[in-house]
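# Topology and contacts: notes
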Amino acid sequence: MKEKINKTNVARLLDKAKVNYTLVPYEVDESDLSATHVAEQLGENIEQVFKTLVLRGDKSGYFVCVIPGDKEVNLKKAAKVSGNKNCEMIHVKELLPLTGYIRGGCSPIGMKKHFPTYIHQTAESLEQIYVSAGQRGLQVRLAPADLLREAKATWADLV
């Protein structure tokens, strides 16, 4: 019997936009919230599993970077594409009040407020990618172009 997956806000927003997507549950390991672990749980290539990072720029304020799960954001590149001189990752305690999401469950879709969003350009060449569906233990698989549109994002070189 198939386990019923409760729809997240991300899924509701994608439904409303008539976007084709799949919710994919995975086993959460509280001691390892890495995208690498998520990719292993999904049995997918890490290049397809993207993580959502929230940064603060010195000029623009908050912005979002969506990058391949095994990569680190290049702060100089992120600052440049977002119109900042420099930027930094926000502290994990700022994440929930700012976005409505917790670490390991932060999605580029459906944050409390829309922030400028940049998706690493490697996603553009992939058929499907995974991003968090807004909670730990659930990913959403969708076409990168749909994510770009729904997150009102821009392709960028971020790593």
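Here's a quick rundown of the structure.

Criteria and cut-off values
- Residues numbered from 1 in each chain as written.
- Predicted model: local features only at pLDDT ≥ 70, side-chain atom pairs only at ≥ 80, totals over all residues.
- Heavy atoms only, no water.
- Helix = DSSP H or I, 4+ residues; strand = E, 2+ residues; numbered from the N terminus.
- Buried < 20%, exposed > 50% of the residue type's maximum accessible area, 1.4 Å probe, protein only.
- Contact = heavy atoms within 4.5 Å.
- Salt bridge = Lys/Arg side-chain N within 4 Å of Asp/Glu carboxyl O.

### Focus on the environment of Glu150
Note on placement: Glu150 falls in helix H5 (residues 144-150). Overall, the relative accessible area of 22% leaves Glu150 in the partly exposed class. Between the C-alpha atoms of Glu150 and Phe63, which are 87 residues apart in sequence, the distance is 15 Å. Setting aside its immediate chain neighbours within four residues, Glu150 contacts Leu14, Ala17, Val19 and Ile109.

### Digging into the pattern of salt bridges
Tallied over the entire structure, the rule returns eight salt bridges. Here Asp15 makes a salt bridge to Lys7, at a shortest N to O gap of 2.6 Å. Asp15 gets classed as partly exposed once you look at its relative accessible area, which sits at 33%. Using a relative accessible area of 43% as the deciding quantity, one classes Lys7 as partly exposed. In this structure, Glu94 engages Arg56 in a salt bridge whose closest nitrogen and oxygen atoms are separated by 2.3 Å. Of the two residues, Glu94 sits in helix H4 (residues 92-99) while Arg56 sits in strand S2 (residues 50-57), which places them 38 residues apart along the sequence. Using a relative accessible area of 22% as the deciding quantity, one classes Glu94 as partly exposed. Since its relative accessible area comes to 25%, Arg56 is described here as partly exposed. Look at the salt bridges and you will find they share partners, linking Arg56, Glu88 and Glu94 into a network.

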